[in-house]
Amino acid sequence: MFLSMFGAVESGIIYAIMALGVYLTFRILDFPDLTVDGSFVTGAAVAAISIIHGVPPIVASLLALVAGFLAGCITGLLHTKGKVNPLLSGILMMTALYSINLRILDKPTVSFLNETTFFKQVQSVWEKTGIDSLINGLLSSVGLTQVPKTWAIIGVMLIITTIVKLLTDFFLKTEVGLALRATGDNKKMIRSFSANTDSLIILGVGISNALVAFAGGLIAQHGGFADVGMGIGMIIIGLASVIIGEAIFGTKTIARATLAVIGGAIIYRMVVTLALRVDFLETGDMKLITAVLVIASLVLPNVLKSRKERKRRSEKRLQIELRRKEEGVTDA
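Rules of the game
- Residues numbered from 1 in each chain as written.
- Predicted model: local features only at pLDDT ≥ 70, side-chain atom pairs only at ≥ 80, totals over all residues.
- Heavy atoms only, no water.
- Helix = DSSP H or I, 4+ residues; strand = E, 2+ residues; numbered from the N terminus.
- Buried < 20%, exposed > 50% of the residue type's maximum accessible area, 1.4 Å probe, protein only.
- Contact = heavy atoms within 4.5 Å.
- Axes fitted to C-alpha atoms, helices over the stretch in contact; angles between N-to-C directions.
- Parallel < 35°, antiparallel > 145°, perpendicular 65-115°, else oblique.
- Left-handed = near helix turned anticlockwise from the far one by under 90°.
- Core = buried A, V, L, I, M, F, W, Y, C linked by side-chain atoms within 4.5 Å.
- Salt bridge = Lys/Arg side-chain N within 4 Å of Asp/Glu carboxyl O.
- Phe/Tyr/Trp six-rings, centres within 6.5 Å; stacked < 30°, edge-to-face > 60°.
- Patch = residues over 30% accessible without salt bridge, like charges linked within 9 Å, V, L, I, M, F, W, Y side chains within 5 Å.
- Areas by Shrake-Rupley, 256 points an atom, 1.4 Å probe, with all protein chains shown as cover.

What about the overall build of the chain?
For step 1, the next point in the chain: From N to C terminus, the chain includes 13 helices and two strands.
For step 2, the next point in the chain: By its C-alpha atoms, the chain is 95 × 60 × 40 Å across when sized along the principal axes.
For step 3, the next point in the chain: Per-residue burial over the chain gives 47% buried out of 332 residues.
For step 4, the next point in the chain: Put simply, 77% of the contacts in the chain that link residues at least 6 apart link residues at least 24 apart.

In structure tokens:
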């Protein structure tokens, strides 16, 4: 169980970067962007092929980020300049990216397990520090018999994800970031201040897909392969992370909202891991589990809110009746 939860947290931290990208379009821009399912694979494909051709893993990851940014910008251009519906823009780009990703990979699946990836480089450096033996020794002393082979990935990804979160927070508080947030809230209002909303939307969708593709490149290096179908349902996973995080941690400030997204991504992976341990559920049921989680996250807050509102109205009605009775007694 501990190793399963550890693996869930490890992958959840990587997927959190993708969830932050979804948060930018879904919450900040109010843009339903389905490009995510394609740009995630684009990042994985670019990173995989780059590493196979001898490009340093860090550079390959950055190339994945750039590829995702370009894909997002094209989606933004389709919507703003082509006047295509935002949902349809994402669908069109996602469809086009399937063929583009297949061209990049040259076959449905590319494995690069024997290549040097970013995480292998990290592990080789991490092993020299002796942190693994220290942490695993402490865990063994409290009775855990099965311990992780390495803490390198989760340690480094915590740093990377935190940096991405802080940069996102900083960006959204800049003049451009505030204009981006205002565009999502009220496009007509921000246009009255002579802001170029088209450029802001293109930039926002581009940055969103850059983060998604970057996460795709890291996931490919984590698993040692890139597959043309690995992005299917990624938008739902991103939305689940955002919604679950917001429901649990709240969204009073930007910093808290982005932290909630990261927490939501980790909790989502943990819940899925626990669900798959149930006897009657199989690995193929993962998409069903995701759909149920999203539905529950969307419906339950509304149900609780309506119950709270009914209770408030009932208490208010009771107070009015008591006040009337008191006034009636006083008049008598």
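Back to the write-up after that little detour.
Describing the packing of helix α5 (residues 118–127) against helix α7 (residues 152–173)
For step 1, the next point in the chain: Where α5 contacts α7, the axes come no closer than 9 Å and their chain directions differ by 110°. Classified by the angle their axes make, α5 and α7 are roughly perpendicular. The hand of the α5/α7 crossing is right-handed. Residue-level contacts link Phe 118, Phe 119, Val 122, Gln 123 and Trp 126 of α5 to Ala 152, Ile 153, Gly 155, Val 156, Met 157 and Ile 160 of α7.

Concerning the nonpolar core
For step 1, the next point in the chain: Within the largest apolar cluster, 77 residues are counted, with the highest numbers of intra-cluster contacts made by Ile 17, Met 18, Tyr 23, Phe 40, Met 157, Ile 160 and Leu 218.
For step 2, the next point in the chain: Top element by residues in this core is helix α1 (residues 2–28). It accounts for 13 residues.

A few points about the pattern of salt bridges
For step 1, the next point in the chain: Tallied over the full model, the rule gives five salt bridges.
For step 2, the next point in the chain: Between Asp 169 and Lys 165 there is a salt bridge, with the nearest N and O atoms lying 2.5 Å from each other. Highlighted residues: Asp 169 and Lys 165, both in helix α7, separated by four residues, approximately one helical turn. This pair shows no difference in class: Asp 169 is buried, exactly as Lys 165 is.

Quick look at the packing of aromatic side chains
For step 1, the next point in the chain: Tallying each qualifying case throughout the model produces three aromatic pairs.
For step 2, the next point in the chain: For the ring pair Phe 6 and Trp 151, a centre distance of 4.8 Å and an interplane angle of 75° mean the geometry is edge-to-face. Of this pair, Phe 6 sits in helix α1 while Trp 151 sits in the loop between α6 (131–141) and α7, and the two are 145 residues apart along the sequence.
For step 3, the next point in the chain: When its relative accessible area of 11% is taken as the criterion, Phe 6 is described as buried.

A short note on the environment of Lys 287
For step 1, the next point in the chain: Within the secondary structure, Lys 287 sits in helix α13 (residues 286–331).
For step 2, the next point in the chain: Exposure remark for Lys 287: the relative accessible area of 45% places this residue in the partly exposed category.
For step 3, the next point in the chain: In sequence terms Lys 287 and Ile 237 are 50 residues apart; their C-alpha atoms lie 8.8 Å from each other.
For step 4, the next point in the chain: Once residues lying within four places of it in the same chain are set aside, the contact partners of Lys 287 are Ile 232 and Gly 233.

Quick word on a nonpolar patch on the surface
For step 1, the next point in the chain: On the surface, a nonpolar cluster with roughly 310 Å² of combined accessible area is contributed by Leu 87, Leu 88, Ile 91 and Leu 92.
For step 2, the next point in the chain: Looking at the secondary structure, you find Leu 92 in helix α4 (residues 86–105).

With respect to the environment of Leu 239
For step 1, the next point in the chain: By the secondary structure assignment, Leu 239 is in helix α11 (residues 234–249).
For step 2, the next point in the chain: For Leu 239, a relative accessible area of 17% puts it in the buried group.
For step 3, the next point in the chain: Sequence separation between Leu 239 and Gly 54 is 185 residues; the distance between their C-alpha atoms is 35 Å.

Here's the deal with unusual backbone geometry
For step 1, the next point in the chain: Even without glycine at this site, Asp 30 takes up a positive phi of about 55°.
For step 2, the next point in the chain: As for its placement among the helices and strands, Asp 30 is situated in the loop between α1 and α2 (36–52).

None of this, on its own, says anything about what the molecule does.
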